[in-house]
Amino acid sequence: MDRPIPSLRVQIGSEIVLRRAEPHVLECDELTSRATVVHLRPQLRPGEILVERMGDIPLIVVDESLIFPTPTAETMGFDTWMKQRTDLAHAEFMRRTSRLLWCDWRAATTPAEIARIYGIRAGEVKP
């Protein structure tokens, strides 16, 4: 008889998904050496951290620093490392300080989008 693979519901970000479960034996019967108390935990991938919550679906948090370790000057060469750091710092600065200019708007804006942006009631904007 084939047993189904156990799975658990877990929350990853805002989604609830099924994840394969790994059994952890907590207690065994002394005479038969069979597991009597087993705790199922969801299988974790590299860079994931399990947050068990009382009375709620377990949460899995992804730690990007474990998946993609920060490159160092020794591993990639100083000039390449410094250029990457400068480019990232510049991109972050521009993201924080830039404003949305009129010239950045999409060319095809619908009347409904214009009404939503400016808070105009429906029918006041002509297509």
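Refer to the structure printed above.
Now for a look at the structure at hand. (Residues numbered from 1 in each chain as written. Predicted model: local features only at pLDDT ≥ 70, side-chain atom pairs only at ≥ 80, totals over all residues. Heavy atoms only, no water.)

This part covers the pattern of salt bridges. Pairing between side chains of opposite charge can happen when the charged atoms of each approach one another. One pass over the full model with this rule turns up four salt bridges. Ionic pairing is found between aspartate 56 and arginine 53, a salt bridge with its closest N-O pair at 4.0 Å. The exposure class of aspartate 56 is partly exposed, given its relative accessible area of 48%. Judged by its relative accessible area of 28%, arginine 53 is partly exposed. Between lysine 83 and aspartate 87 there is a salt bridge whose closest N-O contact spans 2.9 Å. Placement of both lysine 83 and aspartate 87 in helix H3 (residues 78–97) is noted, with a separation of four residues, approximately one turn of the helix. Judged by its relative accessible area of 52%, lysine 83 falls in the exposed class. The exposure class assigned to aspartate 87 is partly exposed, which follows from its relative accessible area of 41%. (Salt bridge = Lys/Arg side-chain N within 4 Å of Asp/Glu carboxyl O. Buried < 20%, exposed > 50% of the residue type's maximum accessible area, 1.4 Å probe, protein only. Helix = DSSP H or I, 4+ residues; strand = E, 2+ residues; numbered from the N terminus.)

Below, the discussion takes up the pairing of strand E3 (residues 35–42). As paired elements, strand E2 (residues 15–28) and E3 share seven bridges and run antiparallel to each other. The partner of proline 23 across the bridge, within E3, is leucine 40. (Pairing = 2+ DSSP bridges.)

Moving on, we get to the packing of aromatic side chains. All told, the structure shown has one aromatic pair when counted by the stated rule. Judged by centre distance (5.7 Å) and plane angle (45 degrees), the ring pair of phenylalanine 78 and tryptophan 81 falls under tilted. Taken together, the residues span about one helical turn, with phenylalanine 78 and tryptophan 81 both in helix H3 at a distance of three residues. A relative accessible area of 49% means that phenylalanine 78 is categorised as partly exposed. Using a relative accessible area of 19% as the deciding quantity, one classes tryptophan 81 as buried. (Phe/Tyr/Trp six-rings, centres within 6.5 Å; stacked < 30°, edge-to-face > 60°.)

Glancing now at the pairing of strand E1 (residues 7–12). Strand direction decides the pairing type here: E1 and E2, joined by six bridges, are antiparallel. Directly across from glutamine 11, in E2, lies its bridge partner isoleucine 16. As consecutive antiparallel partners, E1 and E2 are separated by two residues, and within that stretch glycine 13 has a phi angle of approximately 65 degrees, a positive value. Across two bridges, E1 lies against strand E5 (residues 59–62) in parallel orientation. Paired with glutamine 11 across the bridge in E5 is leucine 59.

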